[in-house]
Every structure is written in structure tokens, then in C-alpha cells.
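Listed below, chain by chain, are the residues.
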Amino acid sequence: MQNNEGLKDEDSTKKHWENIFSTKNFNEVSWYQENPKTSVDLILSVNLDKNAHIIDVGAGDSKLADSLLDLGFRNISVLDVSSKALEKTKKRLGNKADSVKWIVSDIREFETNDRYDIWHDRAALHFLTADDDIDKYVNNIRRFLKYNGYLIVSTFSLNGPKRCSGLDIKQYSEDSIKKLFYDFEHIKSFEEKHSTPLGDSQIFIYSVFKKKSDKK
């Protein structure tokens, strides 16, 4: 990852996010949601059973895992580059944390033998601004998402911020996100306004895709 703030490699990326999650409470970051309703609704909309393998990528200390566990989903993986973020979520979940697979990894370097029915990402992809990093991310989805699996991805839209957490981001439109995942079936895209803890507004674009083949 390379941008104007100088996040050029995995080590500096990890250091940046460890600092964010060490110095801010969960409800002090701009992307905080008390209830991840849109993500939950989109996951439920694809009508998979509770044994579906779901990964939440770049999760931070999101409450999505809490909500999915409460709904009875049994195969949840949560990935973030920040171990401190995941520790916060584990502590919040208490004994329920044992039901989740926790993965500390930079998404660009992620390797697994697991395959997923749903790949969920809210507000991670847009931090990848270099073409080769974006390519690594997309190729990992192609590798690790099952045939007929679903991609649910949310980024800042063209009407959203150009920076977040001190970093430049890459905005997306429906056309550009469809171009990025050209070999997936596009189901829908829509914009949504998110209110930050400070009362500001951020416009996200959510998209749902279905993997059509096992192309690597």
C-alpha cells in the first residue's frame, strides 16, 4: 500500500492500525456502527444456511461477528491486520469469542486453506490505493470464495470522503466496482449515508456480487 502518508509496506500498515486501535475506543473511530444492520441484512438476503462460512475482512472491532453469532451462524472468521482490534472484539464477546476464527493478517499477504460462502468487507478495500495492492485483494477473493459464493463489499462512494484515519482512500462508483469484479455476477449496488460518532456524514456504496466460476 502506498499513498501520500507513506504507508508503503505491510509493516508500516500494521503499525498504523495498531496505533489507531490502541489510542481510540471502539466508538471514537469514524466508521463505528452500534448496529451493523445493512451488512446483516445483506448477508441474510442471500439466503444461506447458518453453516455458511463467512469471513469479515478488515473487521477492526466491528460488531458484525456479535450480530452473526446472535443469529446462529456457526462458521465465522474475522480478519484484521491489527491484533489489538481483534483483542478488543474478543474481550467484548467473552466466551462467545471461542466460536469465531480470528485471523491477524494483512489482506495483501493473506493465505488460507479455508473457502468461504460469503466474503464481507465494510471499509477495508478503499484503503488500498496502489493498483498492485488492489489486484492482490481481488485475486484473493477469486481464490478463497467458493463457486456461487457471495461478495458483499462497501467502500466510500464518489460522494464520500477522500481521506480517512489520516490516509488517502480510493473512492468507487457502481461502474468502477463492477469493472473491478468484472467476472462476478453483479446483484446490486446502492449508496448509504453513515453518521460518524462526531456527527459528520460519510457516503458509502454497498455492492453485492456472486462468484460465477472457480477462476483462480
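Let me sum up the structure you'll find in this document. Keep in mind the model is a prediction, meaning the values are calculated, not measured.

In this section: the overall build of the chain. A tally of helices and strands in the chain yields six helices and nine strands. Per-residue burial for the chain yields a buried fraction of 53% across its 216 residues. Considering only residue pairs separated by 6 or more positions, the chain has 70% of its internal contacts joining residues 24 or more positions apart. On the chain, roughly 10,300 Å² of surface is accessible, and the fraction owed to carbon and sulfur atoms is 45%.

A regular strand places its side chains so that they alternate between the two faces of the sheet. Among the six residues of strand β2 (residues 75-80), five are classified as buried, and the element is accordingly described as predominantly covered. Judged from the five bridges that link them, strand β1 (residues 53-57) and β2 form a sheet pairing that is parallel. By the bridge assignment for β2, Asp56 is matched with Val78. Once you follow β1 into helix α3 (residues 64-71) and on to β2, the crossover reads as right-handed. Here β2 runs beside strand β3 (residues 100-104); their pairing, made up of five bridges, is parallel. Paired with Ile76 across the bridge in β3 is Val100.

What follows is about the pattern of salt bridges. What the rule picks out here adds up to twelve salt bridges. In this structure, the salt-bridge partner of Lys136 is Glu109, at a minimum N-O distance of 3.9 Å. Taken together, the residues Lys136 in helix α5 (residues 131-144) and Glu109 in the loop between β3 and β4 (116-122) connect sequence positions 27 residues apart. With a relative accessible area of 42%, Glu109 lands in the partly exposed category. Where salt bridges share partners, they join Asp106, Arg108 and Asp133 into one cluster.

What follows covers the side chain of His126. Within the secondary structure, His126 is located in the loop between β4 and α5. There is a polar contact of 2.9 Å between the side chain of His126 and the backbone nitrogen of Phe156. Not counting the four nearest positions on each side in its chain, His126 is found in contact with Thr155, Phe156, Ile169, Lys170, Tyr172 and Phe204.

We now examine unusual backbone geometry. Notably, Asn47 is not glycine yet its phi reads approximately 60°, a positive angle. Looking at the element boundaries, Asn47 is found in the loop between α2 (37-45) and β1.

Next up on the list: the nonpolar core. Counting residues in each nonpolar core, the largest one holds 30 residues, and the members touching the most others are Ile43, Leu68, Ile76, Val78, Val100, Trp102 and Ile118. Secondary structure elements with two or more residues in this core: α2, α3, β2, α4 (83-93), β3, β5 (145-156) and β9 (201-211). In terms of residues, this core owes the most to one element, α3, which gives four residues. Discounting chain neighbours no more than four positions away, the residues touching Val78 are Asp56, Ala59, Ala65, Leu86, Val100, Lys101, Trp102 and Ile103. Counting 25 residues, the second largest nonpolar core, distinct from the first, contains Phe110, Val138, Tyr172 and Phe184.

Rules behind the numbers
- Residues numbered from 1 in each chain as written.
- Predicted model: local features only at pLDDT ≥ 70, side-chain atom pairs only at ≥ 80, totals over all residues.
- Heavy atoms only, no water.
- Helix = DSSP H or I, 4+ residues; strand = E, 2+ residues; numbered from the N terminus.
- Buried < 20%, exposed > 50% of the residue type's maximum accessible area, 1.4 Å probe, protein only.
- Contact = heavy atoms within 4.5 Å.
- Areas by Shrake-Rupley, 256 points an atom, 1.4 Å probe, with all protein chains shown as cover.
- Pairing = 2+ DSSP bridges.
- Right-handed = clockwise from strand over helix to strand, strands pointing away.
- Salt bridge = Lys/Arg side-chain N within 4 Å of Asp/Glu carboxyl O.
- Polar contact = N/O pair within 3.5 Å; in protein donor to acceptor, adjacent residues only side chain to side chain.
- Core = buried A, V, L, I, M, F, W, Y, C linked by side-chain atoms within 4.5 Å.

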